[in-house]
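# Structural overview
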Amino acid sequence: MGMMDNHIPLWGIPHTEVLMSSEHALIVGAGAAGWSAADTLVRSGWPGPVTLVDPIGATNRTLVNKGVLTGLLGRDQVSRPAPAGSELVRDEVLAIDAGGAVHLRSGDRLVPTAVVIASGSRPRRPSFLDEADHAPEWMPTLHTVEDAERVRALLSSGSGRVVVLGAGMIGSETASLLADDGVDVTLVAGSPLPLRAQLGPAVASELVRRHRDRLRIRTGRRVTRAETRSGAVSVELADGERLEADVAIVAHGTLPHRPASGTGHGEVIVDARLRTGLRGVYAAGGVASILAHGTTVRVDHWDDAAAQGTHAARSILHDRLGAADPGEYRFESGYSSRIHGAMLTAWGVATPTSRWTRHGDDEVVGVGRHLGEITSVAGIDAPATVRSLAESVRQDRRERLQEYPIGV
Ligand SMILES: Cc1cc2nc3c(=O)[nH]c(=O)nc-3n(C[C@H](O)[C@H](O)[C@H](O)COP(=O)(O)OP(=O)(O)OC[C@H]3O[C@@H](n4cnc5c(N)ncnc54)[C@H](O)[C@@H]3O)c2cc1C
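Residues numbered from 1 in each chain as written. Predicted model: local features only at pLDDT ≥ 70, side-chain atom pairs only at ≥ 80, totals over all residues. Heavy atoms only, no water.

Per an unreviewed UniProt entry, the protein chain is named FAD/NAD(P)-binding domain-containing protein, and its organism is Agromyces tropicus.

Spelled out as structure tokens, the structure:
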């Protein structure tokens, strides 16, 4: 096999004839999903090596804004040890061939008996930026420790003004963290009601209200131009308003990051047991689009990615060693965020066609239904209510499963 570069599609290189030896599990990426997959395999007594491959080691990405951007944590404090009993290799997976051989940037070729692709996501680049690989220095995304350090450096040498472009979870939380720090923040959302699709109108409106109290927010505004002027950034909105700042953080959501994908989407589509179309290869976390609810669902939250990693490992144990079938993956994890002092708690997954209703009048809680079934719950300062609604949905599902068992 000759030299490979980044543009070789994941499945695009021919099958190399190899002899499979003992059981060897290889996990691509040591973030939330990969770490849990490795941990589950080791704890379940996987009869062979468990190797995690990741160029940056095992890290907790949720601390990029809450820890590194705020200056509370240094870069070493966002990394964590690999699960006991697994091996971490600092390398990058360039390709997996049709025979299941995994090709690394170092030139090594490994031949595992099971692979979990857990390479996560990458920030979405808005159309107003050019097609270059990296955003200009003054318009960084906020995905890596390096991004957070860059924003800190730009802020410390400037006048303390930030524009946050995008008011999804990361944009909203980051705007709140910076406002807490005394930074002058303008939050710009293209949508008239950001986070409506994910959290429902009641919770989304309450978040906008809280943003308005603490910072400048512009909703339903598109960015038409962005440029630097003597070390500062100038962002022009569709209505002609011009915002000047030291840095404009681009927070336009994420796209799946399939290793070595060439053109097209980077997602890896998996069935409800997280199997790809290739025997012995599974995917979990931000890179995976799971066939569920009559569509494909991709979730990019920490606990869900970790739960998917565990599920993929259980599917491997079932498929290769005859352990119990884990059944279909269910999106039953939650996430939370402190935004302007309020606790946002959410559970499950909303789809683009989810219909939201408000739950009760005392608290701001929304319930999202997909095809008539509750699949998501969200609330502000209502963690107990969200938890108990989620528990009753779970209970309901378990009872129905006992009545009408599905799967093998
Ligand atoms: C700033 C920020 C704050 C967040 N805060 C929260 C939060 O508060 N709560 C929450 O629920 N979620 C949060 N998230 C989202 C959460 O971090 C992700 O959903 C989660 O990390 C996804 O897990 P993953 O394993 O799919 O990907 P990741 O955790 O990103 O791990 C993927 C790993 O794969 C590695 N990798 C990529 N390509 C290759 C390759 N070719 N070969 C080998 N390794 C490779 C990467 O180096 C990386 O370590 C936040 C995200 C960001 C960016």
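Bringing the overall build of the protein chain into the picture now. Helix and strand counts for the protein chain stand at 8 helices and 25 strands. Over its C-alpha trace the protein chain gives a radius of gyration of 22 Å, about what one expects of a compact globule, namely 22 Å for 408 residues. A burial count over the protein chain gives 50% of its 408 residues as buried. Counting contacts in the protein chain only where the partners sit at least 6 residues apart, residues at least 24 apart contribute 62% of the total. Of the side chains in the protein chain, 43 bear a positive and 48 a negative charge, and the two mean positions are spaced by 3 Å. (Helix = DSSP H or I, 4+ residues; strand = E, 2+ residues; numbered from the N terminus. Rg over C-alpha atoms; globule rule 2.2 N^0.38 Å. Buried < 20%, exposed > 50% of the residue type's maximum accessible area, 1.4 Å probe, protein only. Contact = heavy atoms within 4.5 Å. Lys, Arg positive; Asp, Glu negative; His and termini not counted. Charge placed at Lys NZ, Arg CZ, Asp CG, Glu CD.)

Attention now moves to the domain arrangement of the protein chain. Quoted interface sizes are often the accessible area lost when the parts come together. Entries for the protein chain in the domain assignment read domain 1 (25-123 + 255-321), domain 2 (145-252) and domain 3 (350-401). For domain 1 and domain 3, the distance between their C-alpha centroids amounts to 29 Å. (Domains from an automatic or database assignment.)

Attention now moves to the site of the ligand. The ligand sits among 32 residues. The nearest are Asp 54, Arg 61, Lys 66, Gly 286 and Asp 300. One of the backbone nitrogen or oxygen atoms of Ala 33 is found 2.8 Å away from an oxygen atom of the ligand. Between an oxygen atom of the ligand and a side-chain N or O atom of Arg 61, the distance comes to 2.7 Å. Starting from 1000 Å² of accessible surface for the ligand in isolation, the protein chains cover 92%. If you list the elements that add at least two residues to the shell around the ligand, you get helix 1 (32-43), helix 2 (63-69) and helix 7 (302-321). A per-class count over the shell around the ligand returns 15 nonpolar, 11 polar and 6 charged. (Near = heavy atom within 4 Å. Polar contact = N/O pair within 3.5 Å; in protein donor to acceptor, adjacent residues only side chain to side chain. Areas by Shrake-Rupley, 256 points an atom, 1.4 Å probe, with all protein chains shown as cover. Nonpolar A, V, L, I, M, F, W, Y, C, P; charged D, E, K, R; others polar.)

Here the focus is the sheet that holds strand 5 (residues 102-104). Backbone-to-backbone hydrogen bonds pair the strands of a sheet. The strands run either parallel or antiparallel. The strand order across the open sheet built from 3 strands is 4-5-6, with neighbouring strands paired in antiparallel fashion. This sheet does not close on itself; its edge strands, each paired only once, are strand 4 (93-96) and strand 6 (109-110). Relative to strand 6, strand 5 is paired through 2 bridges, and the arrangement is antiparallel. Within the sheet, the bridge partner assigned to Val 102 lies in strand 6 and is Leu 110. (Pairing = 2+ DSSP bridges.)

Burial along strand 1 (residues 25-28) is two-sided: Ala 25 and Ile 27 facing one way and Leu 26 and Val 28 facing the other are all buried. The pairing of strand 1 with strand 7 (residues 114-117) spans 4 bridges and is classified as parallel. Across the sheet, the residue bridging to Ala 25 is Ala 114, located in strand 7. The sheet contact formed by strand 1 and strand 2 (residues 50-53) spans 4 bridges and is parallel. When the sheet's bridge partners are listed, Ile 27 is paired in strand 2 with Leu 52. Following the chain from strand 1 across helix 1 to the adjacent parallel strand 2, one finds a crossover that is right-handed. (Right-handed = clockwise from strand over helix to strand, strands pointing away.)

Right, let's talk about the packing of aromatic side chains for a bit. Using the criterion set out here, one finds 1 aromatic pair in the structure. Summarising the aromatic geometry, the rings of Tyr 329 and Phe 331 are spaced 5.1 Å apart at their centres and angled 90° between planes, so their arrangement reads as edge-to-face. A relative accessible area of 8% places Tyr 329 in the buried class. (Phe/Tyr/Trp six-rings, centres within 6.5 Å; stacked < 30°, edge-to-face > 60°.)

Of all the 5 residues making up strand 19 (residues 288-292), 4 are buried; the element is thus mostly covered by neighbouring parts of the structure. In the sheet, strand 17 (residues 268-270) pairs with strand 19 via 3 bridges, with the strands oriented parallel. Paired with Ile 269 across the strands is Ser 289, a residue of strand 19.

In this structure, Leu 371 is a non-glycine residue whose phi angle is positive, near 50°. If you trace the backbone, Leu 371 turns up in the loop between strand 24 (364-370) and strand 25 (373-380). A positive phi angle, close to 50°, is found at Asp 381, a residue other than glycine. Relative to the helices and strands, Asp 381 resides in the loop between strand 25 and helix 8 (383-403). On the basis of relative accessibility, which here comes to 40%, the residue Asp 381 falls in the partly exposed class.

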